[in-house]
Amino acid sequence: MASATGTPPGVSLPPPITERGGVGWAYANLFGNWYNTVLTFLYAAFLVLAFWFGLRWIALEADWQVIATLGGRLIIGQYNTEFACPGQNCFWRPQVSLLLVSVLLGMVWAVSRDTAAKRIAIGVAAVTVAFAFLPYSMDRMGLDVRLLLAANLPAVAAGRVLARYTPLGTVRWIAILGVLVFLVILVLVRGLPGIPGLQPVSTTYWGGLMLNLLLAVTGITLSLPIGIALALGRRSSLPLVKLLCVVFIEIMRGMPLITLLFMSQVLVPLAFPQDFSSNSLFRAGVILTLFSSAYMAENIRGGLQALHPGQVEAARALGLAGWQTTLLISLPQAIRNVIPAIVGQFISLFKDTLLVYIIGMLDVVEFSRAFIQGNAEYLASARELFLFLALVFWIFTYTMSYVSRRVEQHLRVGQR
Amino acid sequence: MVRVEAGKASEYHTDFVDAFKEAGTSRSLSDMAASESTVDTSDMIVCRDVHKWYGNFHALRGVTTSVREREVVVVVGPSGSGKSTFIRTINRLEEHQRGDIIVDGIELSNDVRNIDAIRRDVGMVFQSFNLFPHLTAMDNITLAPMKVRKLPARQAEEIAEQLLERVGIAEQADKYPGQLSGGQQQRVAIARALAMQPKIMLFDEPTSALDPEMIKEVLDVMRELAVSGMTMIVVSHEIGFTREVADRVLMFDHGQIIEESATEEFFDNPKEDRTKLFLSQILA
C-alpha cells in the first residue's frame with residue numbers, strides 16, 4: 001500500500017481499515033465477499049432459532065421440579081438417610097466441611113494477586129447462599145440447614161480477615177491449613193465412634209457430588225507428587241528404578257480405568273491391610289490416584305524432555321548438586337511448560353470419578369440415575385436432571401481451566 | 001587506555017573480594033586438596049594425555065597442556081576439532097576416559113566431592129548463555145552462592161549488585177532473561193559465574209550467538225576480567241580480542257593440540273600448515 005516514494009523516515013502510517021475498530025473487522029471477516037455474507041446470515045439465523053427454542057424449552061417446557069426435589073441429595077447422596085445416619089440429622093457435617101472450604105477460599109482470595117481467586121470465592125459464597133433460599137422438599141432440611149448454607153458468605157469473609165490480619169496469611173500456611181482442613185473434613189464426614197453427634201457413617205453411604213469432589217481432590221493432590229516421582233524415576237540412571245517406573249506407568253496407562261476398578265478388589269488387598277482394602281471408597285481413591293499418576297508422570301516427563309540440556313549443564317557448572325538442579329532448575333521449568341497438560345489430566349480425573357459406580361458407589365450421576373429409575377413419576381424429568389448435572393460438571397471443569405490459564409499468564413511474565 | 005581500565009577493574013575486584021571476606025567464606029579448595037598429589041603451584045590446570053570418546057568417535061586424542069595462574073589462554077580451531085569438548089572436560093561436563101586432569105591441585109576423578117569442589121572454583125560461560133529463564137537476573141546470580149556456598153540472602157544480593165554494576169547492567173536486576181538482549185544475557189551469565197568467586201573462568205564461544213553490535217559489550221567485560229588477573233580459557237575466534245588479551249593460543253585439530261605458542265608468535269609466525277590455512281581463512 002506504500003506509495004511509490006515510500007514513507008518519510010520516522011513517520012508511522014496508520015494501519016489499514018481492516019485493522020481498526022468493529023466496522024473494519026466486521027467488513028473483513030463477515031461480509032468480505034458474497035459467500036461470506038450468505039454464511040453470516042445463515043449462521044445468524046441458526047443462532048437466533050437455537051436460542052429461541054432453547055430458551056423457550058428451559059423457561060416454559062422443562063420441568064425443573066426434579067432438581068428441587070433431590071436438592072441436597074445431589075450433594076451428599078444417601079449420607080443423611082435413616083439407614084446411614086439413624087436417629088440424627090447428619091447433614092450439618094458436610095455443610096460444616098463446606099464452610100471450612102469457604103474459609104480457605106477467603107484466605108486464598110486475600111493472598112492471591114489475581115482476580116480469579118476473588119471470583120471463585122465470591123461465586124461459591126453466592127451459589128451456596130442462593131441455595132439457602134431454594135424450596136427443598138425431600139430431606140429433613142429445616143432452618144439449621146439453610147442457616148449453615150447462608151453462613152458460607154461470612155465464612156469467606158472470615159477467611160479473608162484471618163489471612164489479612166494474622167500471620168496465617170502466607171501461601172505456606174494456607175497450604176498447611178489446606179491439608180489440615182482436608183483431614184478434618186474426612187474425620188467429620190466419617191465420624192468418630194463414641195462422640196455424640198459424630199456417630200460414624202459408613203463410607204458405603206457416602207455419595208453425591210461430595211463423593212466426586214473428595215475423590216477428585218485426593219487424586220489431584222496425590223497424583224501430582226507421585227507423577228513427578230515416577231517421571232524422575234523413569235529418567236533415572238539406576239536401571240532398577242527406571243525399570244520399575246516404566247513397568248508401573250505402562251501397565252497403568254495400558255489398562256482401562258474400568259478394568260482397574262473391577263480388579264481393585266483383587267489388587268488393592270495385595271498392598272494394603274484388610275481394614276482399608278475392604279473399603280470401596282479407599283480402593284476407588286487408590287486406583288484413581290495411581291491411574292492418574294501414570295498419565296501425570298508422562299506429562300511431566302514431556303516437560304523435562306523439552307528442557308534445553310544447557311539448563312542442567314549451567315546448574316551443574318555452578319556447583320549445584322543433582323537434586324538441587326532437579327528441584328530448583330528442571331522441575332519448575334518443566335512443570336510450567338506442561339501446565340495445560342497437567343490441568344487437562346486434573347479435569348479428566350474429575351470426570352473419571354463418575355466411574356466409581358462400577359464398584360457400587362453412588363456418585364452424583366449414578367445416584368440420579370437410580371433415583372429416576374426408582375421413581376417412575378420422575379422418568380420424564382431425566383433430561384432436565386442430567387442437563388443440570390452436565391452444567392454442574394462444566395462449571396467445575398471450566399473453573400479449573402480458567403485458573404490454569406490465569407496461572408499460566410502469571411508464570412509467563414518473564415518469558416515473553 | 002587499557003591501563004586505566006585495569007586500575008578500575010582491580011578496584012572492583014578488591015571490593016568484591018572484601019565482600020566475600022565479610023561473608024566469612026574463605027576459599028579453602030587448596031586446603032581440601034592438601035592430601036592430593038602436589039603439583040607445581042603456579043599451574044592452575046594440568047592436562048596429561050587426555051582422551052575422550054563419544055561412542056566410537058575419538059573426540060580428544062591425547063591432549064597435554066597446562067595453564068598457569070592469571071594466564072589467559074585462547075583456544076582456536078575448526079568446528080568439530082574438540083575445543084569445546086576440551087574445556088568441558090575441565091569442569092567435568094564431559095567425562096574423559098583416559099589421562100589426568102588436575103585443577104588447582106585436585107585431580108578430576110569419579111569422586112563426586114572432587115567434582116563438586118572443582119565446579120565451585122571453575123566458572124563457565126556458554127555460547128547459548130543458559131540463563132535460567134524462570135528466574136530474574138538477580139536470582140540467577142544469587143542462586144548458586146546461596147544454595148552452594150550457603151551465603152545469607154542479603155550477602156548474596158550485595159555481591160550480585162556489585163557484579164551487575166561491574167558488567168554494566170545494574171538497572172536490569174529485576175528483569176527476566178527473556179526481557180534482556182543477547183549481550184545483556186551473556187553479561188548476566190558472566191556475573192552469575194563470577195558470583196561463585198571462581199579461580200578459573202571457562203568461556204565456550206561466548207560471543208558466537210550474539211549480534212555484531214553486542215559482541216563488543218561482552219568482550220569489554222571479558223577484557224576487564226582478564227586484566228584483573230583471572231585465569232581464563234576462552235574458546236573464541238575473536239582475533240582482535242585474542243591478540244589483545246591472550247597470553248597463549250592453542251590450535252586444535254582432530255582432537256589434538258597441533259600448535260601451542262605465545263600470542264604474537266602464533267599470529268605472526270605460525271609453524272603448522274594447518275594453522276596457516278586456518279588463520280588465512282578467519283583473517284580473510
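Computed from a predicted model, the values in this text were never measured in an experiment. (Residues numbered from 1 in each chain as written. Chains lettered and ligands numbered in written order. Predicted model: local features only at pLDDT ≥ 70, side-chain atom pairs only at ≥ 80, totals over all residues. Heavy atoms only, no water.)

Caption draft 1: Here's a closer look at the overall build of chain A. The helix and strand tally for chain A stands at 19 helices and one strand. Residue burial in chain A is summarised as follows: out of 416 residues, 39% are buried. Contacts spanning at least 24 positions in sequence make up 71% of the contacts within chain A whose residues lie at least 6 apart. Accessible surface, chain A: about 22,600 Å² in total, of which carbon and sulfur atoms supply 71%. Here chain A holds 28 positive side-chain charges and 17 negative ones, and the gap between their average locations is 11 Å. (Helix = DSSP H or I, 4+ residues; strand = E, 2+ residues; numbered from the N terminus. Buried < 20%, exposed > 50% of the residue type's maximum accessible area, 1.4 Å probe, protein only. Contact = heavy atoms within 4.5 Å. Areas by Shrake-Rupley, 256 points an atom, 1.4 Å probe, with all protein chains shown as cover. Lys, Arg positive; Asp, Glu negative; His and termini not counted. Charge placed at Lys NZ, Arg CZ, Asp CG, Glu CD.)

Caption draft 2: Focus on the pattern of salt bridges. All names here are of chain B. Tallied over the entire structure, the rule returns 29 salt bridges over all chains. The partner of Glu71 in a salt bridge is Arg248, and the shortest N-O contact between them spans 2.8 Å. You can see Glu71 sitting in the loop between strand 2 (57–68) and strand 3 (72–76) and its partner Arg248 sitting in strand 9 (residues 248–253), a full 177 residues away along the chain. A relative accessible area of 3% places Glu71 in the buried class. Judged by relative accessible area, Arg248 falls into the buried class, the value being 13%. Glu95 is paired through a salt bridge with Arg92; the nearest N and O atoms lie 3.9 Å apart. Here Glu95 falls in the partly exposed class, since its relative accessible area comes to 41%. (Salt bridge = Lys/Arg side-chain N within 4 Å of Asp/Glu carboxyl O.)

Caption draft 3: Just the interface of chain A and chain B, in detail. Each partner contributes residues to the interface: chain A has 21 residues there, and chain B has 24 residues. For the pair chain A and chain B, the summed buried surface comes to about 2,000 Å²; carbon and sulfur atoms form 61% of the total. The interface formed by chain A and chain B holds one salt bridge in total. Here Glu313(A) makes a salt bridge to Arg88(B), at a shortest N to O gap of 2.6 Å. Residue assignment for the side of chain A that touches chain B shows that the elements contributing at least two residues are helix 15 (309–317) and helix 16 (322–337) of chain A. Residue composition of the side of chain A that touches chain B, by class: nine nonpolar, eight polar and four charged. (Buried area = accessible area lost by both parts, 1.4 Å probe. Nonpolar A, V, L, I, M, F, W, Y, C, P; charged D, E, K, R; others polar.)

Caption draft 4: Focus on the sheet that holds strand 5 (residues 106–107) of chain B. Residues and elements named next belong to chain B. Strand order in this open sheet of four strands is 2-1-4-5, and the pairing throughout is antiparallel. The sheet terminates laterally at strand 2 and strand 5, the two strands that pair on one side only. By the bridge criterion, two bridges tie strand 4 (residues 98–103) to strand 5 in an arrangement that is antiparallel. Bridge pairing links Val103 to Ile106 in strand 5. Against the sheet, helix 3 (residues 83–90) makes contact with strand 1 (43–54), strand 2 and strand 4, and its axis sits at roughly 60 degrees relative to strand 2, the strand it touches most. (Pairing = 2+ DSSP bridges. Axes fitted to C-alpha atoms, helices over the stretch in contact; angles between N-to-C directions.)

Caption draft 5: Fine view of the sheet that holds strand 8 (residues 231–235) of chain B. Residues and elements named next belong to chain B. Pairing is mixed across the open sheet formed by six strands, whose spatial order is 6-7-8-3-9-10. Of all the strands in the sheet, the pair left with one neighbour each is strand 6 (122–125) and strand 10 (256–262). Averaged over all neighbouring strand pairs, the angle between strand axes comes to 15 degrees, with direction disregarded. Here four bridges tie strand 6 to strand 7 (residues 200–204), and the two strands are oriented parallel to one another.

Caption draft 6: Looking closely at the nonpolar core. If you look at the biggest cluster of nonpolar residues, it comprises 54 residues, and the most contacted ones within it are Tyr79(A), Trp206(A) and Ile300(A). Elements supplying a minimum of two residues to this core: helix 5 (92–111), helix 9 (171–190), helix 10 (208–234), helix 11 (239–254), helix 12 (257–271), helix 14 (280–306), helix 16 and helix 17 (339–352) of chain A. Sorting elements by how many residues they give to this core places helix 14 of chain A first, with eleven residues. Grouped together as the second largest cluster of nonpolar side chains are 50 residues, Ala137(B), Val188(B), Ala193(B) and Ala246(B) included. (Core = buried A, V, L, I, M, F, W, Y, C linked by side-chain atoms within 4.5 Å.)

Caption draft 7: Seen up close, helix 9 of chain A. All names here are of chain A. Counted at 1.5 Å a residue, the expected span for helix 9 with its 20 residues is 28 Å, and the 28 Å between its end C-alpha atoms agrees. Residues Ile174, Leu177, Val181, Ile185, Leu188 and Val189 constitute the buried set of helix 9. Down the axis of helix 9, the smallest arc covering the buried residues is 90 degrees, so these residues share one side. Seen from the open side of helix 9, the exposed residues pointing more than 90 degrees away from its buried face are Arg172 and Val179. Positive phi shows up at Gly191, right after helix 9, with a value of about 90 degrees. (Expected span 1.5 Å × (residues − 1). Arc of directions from axis to C-beta.)

Caption draft 8: Representation of the pairing of strand 10 of chain B within the structure. Sheet analysis places strand 9 of chain B next to strand 10 of chain B, joined by six bridges and oriented antiparallel. Paired with Leu250(B) across the strands is Glu260(B), a residue of strand 10 of chain B.

Caption draft 9: Region of the structure containing the packing of helix 9 of chain A against helix 10 of chain A. Residue and element names in this part refer to chain A. Running from N to C, helix 9 and helix 10 cross one another at 145 degrees; their axes reach a closest spacing of 12 Å. The crossing of helix 9 and helix 10 is left-handed. Residues Phe182, Ile185, Leu186 and Val189 of helix 9 lie in contact with helix 10, whose contacting residues are Met210, Leu214, Val217 and Thr218. The residue makeup of the contact of helix 9 with helix 10, split by class, is seven nonpolar, one polar and no charged. (Left-handed = near helix turned anticlockwise from the far one by under 90°.)

Caption draft 10: Up close: the packing of aromatic side chains. This model, assessed by the stated rule, comprises twelve aromatic pairs over all chains. When the centroid spacing of 5.6 Å and the interplanar angle of 90 degrees are considered together, the rings of Trp34(A) and Tyr35(A) count as edge-to-face. With relative accessibility at 65%, the residue Trp34(A) sits in the exposed group. Here Phe371(A) and Tyr378(A) contribute two aromatic rings whose centre-to-centre distance is 5.3 Å and whose plane-to-plane angle is 35 degrees, an arrangement assigned as tilted. Residue Phe371(A) shares its accessibility class with Tyr378(A), and that shared class is buried. Just above the ring of Trp109(A) sits the side chain of Arg160(A); from NZ or CZ to the centre is 4.2 Å. Here the basic side chain of Arg192(B) rests over the ring of Phe132(B), its NZ or CZ set 4.5 Å away from the ring centre. (Phe/Tyr/Trp six-rings, centres within 6.5 Å; stacked < 30°, edge-to-face > 60°. Lys NZ or Arg CZ within 6 Å of the ring centre and 35° of its normal.)

Caption draft 11: Just the confidence of the model for chain A, in detail. Mean pLDDT over chain A stands at 88; residues scoring 70 or higher make up 95%. When mean pLDDT is compared element by element in chain A, helix 11 of chain A scores highest at 96, while helix 13 (residues 274–277) of chain A scores lowest at 72. (pLDDT = per-residue confidence, 0-100.)

Caption draft 12: Seen up close, the confidence of the model for chain B. With 86% of its residues at a pLDDT of 70 or more, chain B shows a mean pLDDT of 86. Interface scoring of the predicted complex returns ipTM 0.83; its pTM is 0.83.

Caption draft 13: Structural view of the pairing of strand 9 of chain B. All names here are of chain B. Most of strand 9 is tucked away, with six of its six residues classed as buried. The side-chain alternation of strand 9 yields two buried faces, one formed by Arg248, Leu250 and Phe252 and the other by Val249, Met251 and Asp253. Two elements, strand 3 and strand 9, share four bridges in a ladder whose sense is parallel. Counterpart to Val76 in the pairing with strand 9 is Met251. Taking the residues that link successive antiparallel strands as the turn, the strand 9-strand 10 hairpin has two residues, and the phi of His254 there is positive, at about 50 degrees.

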